[in-house]
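Structural characterization, general
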Amino acid sequence: IRTIGVMTSGGDSPGMNAAIRAVARACSYYNVKCIGFYRGYQGMIENDYCELNARSVRNIISAGGTILKSARSEDFRTPEGRKKAAENLKKSDVDAMILIGGDGTFKGGKIFSEEHDIPVIGVPGTIDNDIAGTNFTIGYDTALNTVVEAIDKIRDTASSHDRLFFIEVMGRDAGFIALNSGVGAGAEEILIPEEDLGLDRLLESLKRSKRSGKSSSIVVVCEGDKIGKNVYELADYVTDNLPDYDVRVTVLGHMQRGGSPSCFDRTLASRLCVKAVELLLDGEENVMVGLLNNKIVATNFDEGLKEDHSINKELLRISDILSV
Ligand code: F6P
């Protein structure tokens, strides 16, 4: 392998720059040329790239976002789009690709490498942490800290005004961010898609909170929660049924994807990407790298993308006990 391409795709996440840096530096260390494609698969289709070397990635380890930009390419979903991308890689003598992104990125990469016989390695980068082949995805830890900091601030005002806040967090249909930030910020209730709390139990729990002397409360809601109402409808429902509560809603939104990555995410990105380059040089292909039980391991895409998100539901019990 003489040239490795790298790109970031899907929703950006803090630590993607640390990952790009690690790919470029590992390539430089092993005397391999490194090319960065802009806007994920779209850049591969449009042949929009730059050459990366050890110096061109200086000082990006601490930067949020991604210098290569990111996108969800519609064109790459078509066989024609993927063919164009493969032709461009061949034209630029790119022998293999490192794909930094989430499950959509990996699914696209798997089809692409099967169709065009180009080795790819997936590196999990998403705030959602919803990839089975790793205990942690790049960006998740930073997002958790961002969310906890935001909830702490909301609690200040909730407490001053004796209010109940519903705080919606990202995660798509995975409750990792909601569950862990909820426990970390001491939320009274946490609503996640993996466990249907039910509206009646929610009302009961809020009544209990009032009876136990709490004057303000925080309910963390994963955006993909299956309670059957969006966060605004939920707030209206609670207001209608528990008029004693003064209810407000905060949707944290895309702030969760920004900011300088935590030390954990920088280190994770560095470890995963050095491994990704080394695997390609060892002739490995079509796997994702991940951190499982504190070891960097390669898992084939099918295993790595299994629906089983293995969320730690024990945390719901802990949250119940601690919100007494
Ligand atoms: O996958 C990352 C993520 O931030 C999800 O948590 C969220 O549902 C989605 O991306 C938002 O996507 P967009 O940036 O396209 O609105």
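Keep in mind that this is a model prediction, so the values were computed, not measured. (Residues numbered from 1 in each chain as written. Predicted model: local features only at pLDDT ≥ 70, side-chain atom pairs only at ≥ 80, totals over all residues.)

Focus on helix α7 (residues 199-211)
Where we set the bar: Where helices and strands are cited, they refer to DSSP runs of H or I of at least four residues and of E of at least two residues respectively, numbered from the N terminus. Each residue after the first adds 1.5 Å to the expected span of a helix.
Taking 1.5 Å of rise per residue, the 13 residues of α7 would be expected to cover 18 Å, and the 18 Å separating its terminal C-alpha atoms lies within 8% of that figure. Following α7 by one or two positions, Gly 213 adopts a phi angle in the positive range, close to 100°.

Description of the sheet that holds strand β5 (residues 120-124)
This is how the line gets drawn: What makes two strands pair is DSSP finding at least two bridges between them. With axes taken as lines fitted to C-alpha atoms, and helix axes fitted only over the stretch in contact, angles between N-to-C directions fall between 0 and 180 degrees.
Spatially, β3-β2-β1-β4-β5-β10-β11 is the arrangement adopted by the seven strands of the open sheet, whose pairing is mixed. Looking at strand neighbours, the two that pair on one side only are β3 (49-52) and β11 (295-300), the edges of this open sheet. The mean inter-strand angle of the sheet, taken between neighbouring strand axes irrespective of direction, is 30°.

Here's the deal with the packing of helix α5 (residues 140-161) against helix α6 (residues 176-184)
Definition in use: Small angles under 35 degrees read as roughly parallel and large ones over 145 as roughly antiparallel, with 65 to 115 read as roughly perpendicular and the rest as oblique. The handedness criterion is simple: a crossing whose near helix is rotated anticlockwise from the far helix by less than a right angle is left-handed, and one whose near helix is rotated clockwise is right-handed. For the purpose of contact definition, each residue receives a C-beta atom placed from its backbone, and two residues are in contact when these atoms lie within 7 Å.
Viewed as axis vectors pointing N to C, α5 and α6 meet at an angle of 50°, and their least axial separation amounts to 9 Å. As judged from the angle between their axes, α5 and α6 are oblique. Crossing of α5 against α6: the hand is right-handed. In this structure, α5 uses Tyr 140, Ala 143, Leu 144, Val 147, Val 148 and Ile 151 to contact α6, whose residues at the interface are Phe 176, Ile 177, Asn 180, Ser 181 and Gly 184.

Thoughts on the UniProt feature "binding site: Mg(2+)" (unreviewed entry) in the protein
The condition is simple: UniProt positions are given in the numbering used here, feature names are shortened, and annotations may be inferred rather than shown by experiment. Buried residues are those with 20 or more other C-beta atoms within 10 Å of their own C-beta, exposed residues have 12 or fewer, and partly exposed residues lie in between; C-beta atoms are placed from the backbone.
Those residues carrying the UniProt feature "binding site: Mg(2+)" (unreviewed entry) are Asp 103 in this numbering. Mapped onto the elements of the fold, Asp 103 is located in helix α4 (residues 103-116). A tally of 23 C-beta atoms within 10 Å means that Asp 103 is categorised as buried. Non-local contacts of Asp 103, meaning those with residues more than four positions away in its chain, are made with Asp 130, Ile 131 and Leu 305.

Points about the site of the ligand
Rules: Defining nearness, a residue is near a molecule or strand when the C-beta atom obtained from its backbone falls within 6 Å of it. Classification used: nonpolar for Ala, Val, Leu, Ile, Met, Phe, Trp, Tyr, Cys and Pro, charged for Asp, Glu, Lys and Arg, polar for all others including Gly.
In the region of the ligand, the neighbouring residues are Gly 11, Gly 102, Thr 126, Ile 127, Asp 128, Met 170, Gly 171, Arg 172, Glu 223 and Arg 257. The residue inventory of the shell around the ligand, partitioned by class, reads two nonpolar, four polar and four charged.

Digging into the nonpolar core
The criterion, for reference: Here a nonpolar core is just a set of buried residues of the types Ala, Val, Leu, Ile, Met, Phe, Trp, Tyr and Cys, joined wherever their C-beta atoms sit within 7 Å.
Membership of the largest hydrophobic core comes to 54 residues, with the highest contact counts inside it found for Ala 19, Val 23, Ile 98, Val 123, Cys 273 and Ala 276. By residue number, the principal contributor to this core is helix α1 (residues 16-29), which donates nine residues. Sequence-distant contacts of Val 23, defined by excluding residues within four places in its chain, comprise Val 6, Cys 34, Ile 98, Cys 273, Ala 276 and Val 277. Counting residues in each nonpolar core, the second largest holds 38 residues, with Ile 151, Ile 192, Leu 206 and Leu 252 among its members.

What about the sheet that holds strand β9 (residues 247-251)?
As summarised here, the arrangement of the four strands in space is β7-β8-β6-β9, forming an open sheet in which the pairing is parallel. Edge positions in the open sheet fall to β7 (189-191) and β9, since each of these has one partner strand only. Strand-to-strand twist in this sheet, taken as the mean axis angle between neighbours without regard to direction, amounts to 20°. Bridging between strand β6 (residues 164-169) and strand β8 (residues 217-222) involves six bridges; their strand directions are parallel. Its bridge partner being in β8, Phe 165 is matched across the sheet by Ile 218. Most of the contacts of α6 go to β8, to which it runs at about 160°, and overall it touches β6, β7 and β8. Contacts between helix α8 (residues 231-241) and the sheet are confined to β6, β8 and β9, with β9 contributing the most and set at about 170° to the helix.

Focus: the confidence of the model for the protein
Heads up, the rule is: Confidence of the predictor at the level of single residues is given by pLDDT, which spans 0 to 100.
In this model, the protein carries a mean pLDDT of 96, and residues with pLDDT of at least 70 account for 99%. The ipTM for the predicted assembly is 0.98, set against a pTM of 0.97.

Section: the UniProt feature "domain: Phosphofructokinase" (unreviewed entry) in the protein
The feature "domain: Phosphofructokinase" (unreviewed entry), as annotated in UniProt, sits at residues 4-280 in this numbering. Regarding residues 4-280, the helix share stands at 43% and the strand share at 16%, and the terminal C-alpha atoms are separated by 9 Å.

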